Amino acid sequence: MNSSVTVRRTSRDNEVSGFFADLVAGLRMADLWQTFAWDEIQQRYRRSLLGVAWIVIAYAMFVGGISIIFSAFSREDGSFFLMHVAIGYAAFTFIVGNITDGCTVFTGARVWIQSIALPHSIHIYRSICRSIFTFALQFIVAAVIIVAAGWRPSLINLMVLPAIAVLLLNAVAIQYLMGLISARYRDVTHLVSSITRLLLFVTPILWVRSDLGNARSQFVDFNPVAHYIEIFRAPLMGLEPRPLSWIVVGGLTLVVWIAAAWAASSMRRRLAYWL
Amino acid sequence: MSRIRVENLCVHYPLYGRSRAAAGVHEVDSDFDRMVRDRKGHVTGVRALQGVTFEANAGDRIALVGENGSGKTTLLQVLAGVYAPDSGMVEIEGRTTALVNINLGMNAEASGHRNITLRGLAAGRTRAEIEERRAEIAAFSELGEFLSLPVETYSAGMRMRLSFAIATAFEPDVLILDEWLSAGDAAFRKKATERMRNFVDKAGILVLASHSPSLLIDTCKRALWLDAGRVRAEGDVKEILQVYGEEMDRRQVGRDERARLQIEAAAEAREASRLKALPRSGRRGPEDAAAPQEVADGYTADTDAAPVPEGIDGLTDAERALAAPDLMNGAGAPAPRRAAARIPALSHAEPDPHNPIARLMRRLARALGR
């Protein structure tokens, strides 16, 4: 639909290069997925008085409420704990949100996938665009808290930039992978939602890792989400992220991309049938 | 320059667990060879297209005819790029716009104007180009102020007007339309037909699937007749429609006959199963005689009586009563009323002879009833 050149489709198309071509073609249609994403955000808050401000309000309420109760269990002081929760939970919703949104990224776009031959990746970008918007609003709350806690700019803060880049890179692959798998196997959506509920409690957001004993804190290292949050949160709090976290995140990024490319190469062409 | 080339195109429509259980019950008929089966004989897919080959060049207006389930829509969806071919090749030169399903390709919660923007962007147009055409689309669709309302408030005809107006406004080289064009009123149909003609005069290609001979003759020159996923014939639209119509009349006669025979066979089988089960119910009190019998009826496959052919569950309660009149009336006054009270609930449930849990439940119910 979107090209004036010749389109040729056969049963023997190269699917791996097709996957990357799909990602690039989708990226070029930025205007379309931004419009889609903006419509979706507006629709969600349509006819509510405060509209998008609810994202900020809900987030401030959560962070405030949690900090009042849970900081009592921590050896860290109150402002540290508040920052810890505010940044950590924003990162957590973005990372885990990509997994849960990924489950519906293609099933929710059924009307478009079954009617127009668009690159599948535009639905991925639309979904990520929307979660970035939410993340940005939540981060405003976190930024206010950081400044109020007496922020002193330092070079280590800049480490957050590569962390954001890596999170976005992961988001694309995770959503593509989860989108394909859950379109084919619908049970995955339910599995993911039951795991994410557990993840909120086993990830160092509501508690601080250093408060745990030695053995328990090593157990946390088996939680990949903890590492993704660590590389984003630590530099913002003026701390150096542990090298282990970067190693784990780097390795997982590679794994996720390989898995996405493999899934796309074997499943992408059948997607329209599954919806 | 626009061109469509389709070579030996095959598409298998996978079912993924939908309606697998019913597969074994189907009798073998002319449709048999279109089912893809696994080793156990369960249907895993449908051969929607089996080796379709055709070509269309600039200025061609092709009518797609064929009975329901012959593969017309699947072919259009493959041309639109929605479904990938399982084997064979599809090559399209030129910008393609497809209107295959009226409910698809719109954001129902967004306004008509917003959907013009979305569809324009999806067609690869810039915002400037979209704004340039907006007035024309609004005028052609004749929707007026409705364009600022969400599309979900539109009627089917209004949606169709908007879809058609958008699709043709951006002047695609290849236009693919499914039969829903007939949802429009006479005035719009005339307008649409004219627009399709103009479009093809600009060296575009039109592929139109429809069951309306007048629409096809008005719009198209050539016709492609699809039959069970294969190209049955290709040629002048009037000739093809003539031959197609005759063949369909012939087939319908055969089908009516077969349906009549199936209904008769079903009635016979019911009668046989009833007679066989009668002595057993005789053992119980006369009051209970009717009710358990009716319970068994819906699920004949599980009893040791002869299996009831497919279609029996489609019978209404009245037909059931007709098929077993003495049973409904003979067992005294309270029994028929009780039977009538139970049947509706059961006839809504889908008897699935292969469902092990349902079989277990039936056994339990029968054991408890004794």
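Residues numbered from 1 in each chain as written. Chains lettered and ligands numbered in written order. Predicted model: local features only at pLDDT ≥ 70, side-chain atom pairs only at ≥ 80, totals over all residues. Heavy atoms only, no water.

Novice: Looking at this structure, how should I read the interface of chain A and chain B?
Specialist: Interface size, as often reported, equals the accessible area lost upon joining of the parts. Between chain A and chain B, the residue contacts involve 34 residues of the former and 46 residues of the latter. The contact between chain A and chain B buries some 3,600 Å² in all, and 52% of this surface belongs to carbon and sulfur atoms. Our enumeration of links across chain A and chain B arrives at three salt bridges. Among the salt bridges present, the one from Asp86 of chain B reaches Arg270 of chain A, with a minimum N-O distance of 2.8 Å. Inspection of the region where chain A meets chain B yields five residue pairs in polar contact (both at pLDDT 80 or more). Counting only elements with at least two residues in the side of chain A that touches chain B, the list comes to strand S1 (7-10), helix H2 (30-44), helix H5 (110-113) and helix H12 (271-274) of chain A. The dominant element in the side of chain A that touches chain B, judged by the number of residues it contributes, is H2 of chain A, at seven residues. Considered class by class, the residues forming the side of chain A that touches chain B number 16 nonpolar, 10 polar and eight charged. In this sheet, strand S5 (residues 87-93) of chain B lies alongside S1 of chain A in antiparallel orientation, the contact comprising four bridges. Bridging from a neighbouring strand, Thr10 of chain A pairs with Met89 of chain B of S5 of chain B. (Contact = heavy atoms within 4.5 Å. Buried area = accessible area lost by both parts, 1.4 Å probe. Salt bridge = Lys/Arg side-chain N within 4 Å of Asp/Glu carboxyl O. Polar contact = N/O pair within 3.5 Å; in protein donor to acceptor, adjacent residues only side chain to side chain. Helix = DSSP H or I, 4+ residues; strand = E, 2+ residues; numbered from the N terminus. Nonpolar A, V, L, I, M, F, W, Y, C, P; charged D, E, K, R; others polar. Pairing = 2+ DSSP bridges.)

Novice: How should I be thinking about a nonpolar patch on the surface in this particular structure?
Specialist: Residue and element names in this part refer to chain A. A contiguous nonpolar patch, built from Ile132, Leu155, Leu158, Leu161, Ile164 and Leu168 and spanning about 540 Å² of accessible area, is present on the exposed surface. The leading source of residues in the nonpolar patch is helix H7 (residues 160-184), at three residues. If you trace the backbone, Leu155 turns up in the loop between helix H6 (121-148) and H7. (Patch = residues over 30% accessible without salt bridge, like charges linked within 9 Å, V, L, I, M, F, W, Y side chains within 5 Å. Areas by Shrake-Rupley, 256 points an atom, 1.4 Å probe, with all protein chains shown as cover.)

Novice: Explain the packing of aromatic side chains to me, please; I cannot follow it from the model alone.
Specialist: Geometrically, a pair of aromatic rings is defined through the distance of the ring centres and the angle of the planes. Following the criterion strictly, the structure yields 24 aromatic pairs over all chains and no others. Where Phe36 of chain A meets Trp112 of chain A, the ring centres are 5.0 Å apart and the plane angle is 80°; that geometry is what we call edge-to-face. Remark: Trp112 of chain A occurs in helix H5 and Phe36 of chain A occurs in helix H2; sequence separation between them is 76 residues. Here the two residues Phe36 of chain A and Trp112 of chain A agree in accessibility, since each one is buried. Taken together through their ring pairs, the aromatic side chains of Phe19, Phe20, Phe106, Tyr176 and Trp257 of chain A make up a single cluster. Just above the ring of Phe140 of chain B sits the side chain of Lys191 of chain B; from NZ or CZ to the centre is 4.7 Å. The ring of Phe140 of chain B carries Arg195 of chain B above its face, with NZ or CZ at 3.9 Å from the centroid. (Phe/Tyr/Trp six-rings, centres within 6.5 Å; stacked < 30°, edge-to-face > 60°. Buried < 20%, exposed > 50% of the residue type's maximum accessible area, 1.4 Å probe, protein only. Lys NZ or Arg CZ within 6 Å of the ring centre and 35° of its normal.)

Novice: Whenever I open this one, the sheet that holds S1 of chain A confuses me. Can you help?
Specialist: Sheet strands pair via backbone hydrogen bonds, and the direction of the pair is either parallel or antiparallel. Taking strand neighbours across the sheet as the criterion, the five strands line up as S1(A)-S5(B)-S1(B)-S3(B)-S2(B) in an open arrangement whose pairing is antiparallel. Both edges of this open sheet fall to S1 of chain A together with strand S2 (35-37) of chain B, since each of them pairs with a single strand only. Each adjacent strand pair in this sheet contributes to an overall mean axis angle of 25°, direction not counted. As paired elements, S2 of chain B and strand S3 (residues 43-57) of chain B share three bridges and run antiparallel to each other. (Axes fitted to C-alpha atoms, helices over the stretch in contact; angles between N-to-C directions.)

Novice: Is there a simple way to think about the pattern of salt bridges in this case?
Specialist: One side chain can pair with another of opposite charge once the charged atoms of both are near each other. Residue and element names in this part refer to chain B. A full pass over the atoms with the stated rule returns 33 salt bridges over all chains. One salt bridge connects Arg5 with Glu91, and the closest N-O pair in it is separated by 3.6 Å. With Arg5 in strand S1 (residues 3-14) and Glu91 in strand S5, this residue pair connects regions lying 86 residues apart in the sequence. For the pair shown, Arg5 and Glu91 are each scored as buried. Notably, a salt bridge pairs Arg222 with Glu234, separated by 2.3 Å at the nearest N-O pair.

Novice: Looking at this model, I keep getting lost on the side chain of Ser70 of chain B. Mind explaining?
Specialist: All names here are of chain B. The topology assignment puts Ser70 in the loop between strand S4 (61-65) and helix H1 (72-80). Assessed through its relative accessible area of 2%, Ser70 is described here as buried. In terms of polar contacts, Ser70 uses its side chain to reach the backbone carbonyl oxygen of Glu67, at 2.7 Å. Look past the residues within four positions of Ser70 in its chain and what remains in contact with it is Arg34, Ala48, Leu226, Asp227, Ala228 and Gly229.

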